[in-house]
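Here's the letter readout for the chains.
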Amino acid sequence: MNISGLTAVDSSVRLSTALAIGTHVPDGLVGVLVERCAIEPDFYVRDMLTWALTRYPRASVVPALRAELRSARAQARSQALHTLSKIGDASVWPDITSALLRDPDVEVARSAWRAAVVLVPDAEKGWLAVELTTQLGRGATETQRSLSRALVELGDHASVVIAGFEASADPVVRAHAVATRALLNDPDAAFELNVAAARRAVALGAVLRADR
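Just so we're clear, the structure is a prediction, and the values are computed from it rather than from any experiment.

Visitor: Whenever I open this one, the overall build of the protein confuses me. Can you help?
Guide: A tally of helices and strands in the protein yields twelve helices and zero strands. Listed by position from the N terminus, the elements making up the protein come as α-α-α-α-α-α-α-α-α-α-α-α. For the protein, the proportion of its 212 residues judged to be buried stands at 45%. Taking contacts inside the protein between residues at least 6 apart in sequence as the whole, the part at least 24 apart equals 63%. With an accessible surface of roughly 10,300 Å², the protein has 56% of that area assigned to carbon and sulfur atoms.

Visitor: Sorry, what's going on with the nonpolar core here?
Guide: By size, the foremost hydrophobic cluster in this structure holds 51 residues, and its most contacted members are Ile96 and Leu132. No other element matches the seven residues that helix 7 (residues 106–119) contributes to this core. Those residues within four positions of Ile96 in sequence are excluded, and the remaining contacts are Leu81, Leu101, Ala112, Ala115, Ala116, Leu119 and Trp127.

Visitor: Any chance you could explain the pattern of salt bridges here in plain terms?
Guide: Here the idea is simple: oppositely charged side chains can pair when their charged atoms come close. On inspection of all chains with the given rule, the structure shows ten salt bridges. Across the pair Lys125 and Asp122 runs a salt bridge, and its minimum N-O distance is 3.2 Å. Between Arg181 and Glu166 there is a salt bridge, with its nearest N and O atoms 3.0 Å apart. Remark: Glu166 occurs in the loop between helix 10 (156–162) and helix 11 (171–185) and Arg181 occurs in helix 11; sequence separation between them is 15 residues. Looking at Arg181, the relative accessible area reads 18%, which means it is buried. Look at Glu166 and you get partly exposed, because its relative accessible area is 26%. The network of salt bridges with shared partners includes Glu107, Arg110, Glu142 and Arg145.

Visitor: Explain unusual backbone geometry to me, please; I cannot follow it from the model alone.
Guide: As a rule of thumb, non-glycine residues mostly have phi less than zero, and peptide bonds are mostly trans rather than cis. Phi at Val25 takes a positive value of approximately 50 degrees, unusual for a residue other than glycine. The topology assignment puts Val25 in the loop between helix 1 (11–24) and helix 2 (30–37). Owing to a relative accessible area of 23%, Val25 belongs among the partly exposed residues under this scheme.

Visitor: So what exactly am I meant to see when it comes to empty space enclosed by the protein here?
Guide: Once rolled over the atoms, a probe with the size of a water molecule shows which space is left empty. Under the criterion given, the structure shown has one cavity of 30 Å³ or more. Of the voids in this model, the largest cavity is the one considered here, and its volume is about 30 Å³. Lining of the largest cavity is provided by Val34, Cys37, Ala38, Leu65, Glu68, Gln75, Ala76, Gln79 and Ala80. Looking at the lining of the largest cavity, the elements that each hand over two or more residues are helix 2, helix 4 (58–68) and helix 5 (74–87). Here the residues of the lining of the largest cavity are counted per class, giving six nonpolar, two polar and one charged.

Visitor: Just to check I follow, could you spell out the confidence of the model for the protein for this structure?
Guide: Predicted coordinates in areas of low pLDDT are best not read in detail. For the protein, per-residue confidence averages 91 on the pLDDT scale, and residues scoring 70 or more make up 89% of the total. Counting contacts from residues 206–211, a segment whose pLDDT is below 50, to residues more than four positions away or on other chains yields one contact.

Visitor: Looking at this structure, I do not really get helix 11. What am I missing?
Guide: Given 3.6 residues per turn, any residue in an α-helix points the same way as the ones three and four places further on. Its 15 residues place the ends of helix 11 21 Å apart at the C-alpha level, agreeing with the 21 Å of an ideal helix rising 1.5 Å per residue. Within the span of helix 11, buried status applies to Val173, Arg174, Ala175, His176, Ala177, Ala179, Thr180, Arg181, Leu183 and Leu184. Put simply, Asp170 is the residue that caps the front of helix 11, since its side-chain oxygen is 2.9 Å from the backbone nitrogen of Val172.

Analysis parameters
Numbering of residues begins from 1 in every chain and follows the order in which that chain's sequence is written. Note on the predicted model: pLDDT of at least 70 is required for a residue's local features to be given, and 80 or more for side-chain atom pairs to be given and counted; whole-chain, interface and lining totals, by contrast, use all residues. The side-chain figures draw on all heavy atoms in the structure; neither hydrogens nor water molecules are used. Helix and strand labels come from DSSP, where a helix needs a run of H or I of at least four residues and a strand needs a run of E of at least two; each type is numbered from the N terminus. Buried means the residue's accessible area, taken with a 1.4 Å probe over protein chains only, is under 20% of the maximum for its type, while exposed means over 50%, and partly exposed covers the values in between. Residue contacts are defined here by distance: any two heavy atoms, one from each residue, within 4.5 Å place the two residues in contact. Throughout, the Shrake-Rupley method with a 1.4 Å probe supplies accessible areas, and for residues the shown protein chains are the sole cover considered. The set of buried Ala, Val, Leu, Ile, Met, Phe, Trp, Tyr and Cys residues whose side-chain atoms join them within 4.5 Å is what this entry labels a nonpolar core. Put simply, a salt bridge is a Lys or Arg side-chain nitrogen that is within 4 Å of an Asp or Glu carboxyl oxygen. The rule is simple: put a 1 Å grid over the protein atoms alone, call a set of points where a 1.4 Å probe fits but cannot get out a cavity, call an open set with protein on both sides within 12 Å along at least five of seven lines a pocket, and count a residue as lining if it has an atom within 4 Å of a point. Grid points are joined across faces, edges and corners, and a volume is the space filled by probe spheres set on the points. Just so you know the grouping, Ala, Val, Leu, Ile, Met, Phe, Trp, Tyr, Cys and Pro go in nonpolar, Asp, Glu, Lys and Arg go in charged, and all remaining residues, Gly too, go in polar. pLDDT is a per-residue confidence score from the predictor, ranging from 0 to 100. Any helix carries an expected span of 1.5 Å times its number of residues minus one. Definition of a polar contact: a pair of N or O atoms within 3.5 Å, with one able to donate and the other able to accept a hydrogen when the atoms are protein atoms, and with sequence-neighbouring residues admitted only if both atoms are side-chain atoms.

Listed below in C-alpha cells is the structure:
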C-alpha cells in the first residue's frame, strides 16, 4: 500500500489514506500511524488515524502509545491518550499519572481526564475523583465542562469530594464545583447554564457578605 498520502498537502488525501490503512490493516504501519498522530494538524485526519490504530492488535498498538505518553510533544501525549481511551485496555491505567491529569497543556489534560474515567478500576475511583477536583476552576468554559463531565462519570466518588469545594474561598473554583454538582444531579442539563447560574450565586453571596 502507498502510504505517502499521509504526508500529502491536501488533508482530504491524508484522510483517505488513513481510512484505507484502517480498512485493510497492512502489516508494519503502527509506528507510522503513531508518529503521524503526533504531528497531524487536521482534527478529522487525527481521528481517522486513531480509528486506524484501533483496527490493529492491541499487543502492537498499546506499547507504542504508552511510549508517546512520555513524549515532549503535547499533541503526541494528547492523541495517545485519546486513542488509548478508544481502545479501552485497562492495563494502561497505571500510565495515567497525576502529571498527565494535571498536564500544563489543556488539551493533554482534557484527554487524560477522558481516558482516566474510561480506564479507571473501581478501586481507584476515589483517588481519581480527588485528583480531578484539584483542577476545578481551570481554564475556559469548554475545559471546565470536560472536567465536570469526567467527574459525573465517577458518580458518588465525585459527589463526596466535590462537597469540600462548594464553599471554596476561590469564587471560580466554587462556581465550578456548584455547576458540577448540578450536573451530577442532572447529567442531561446544559453545563453553560449551570455554570452561569453558579457564578451568579457566588457573586450574589459575596455581595451579601460585604453588606453585613
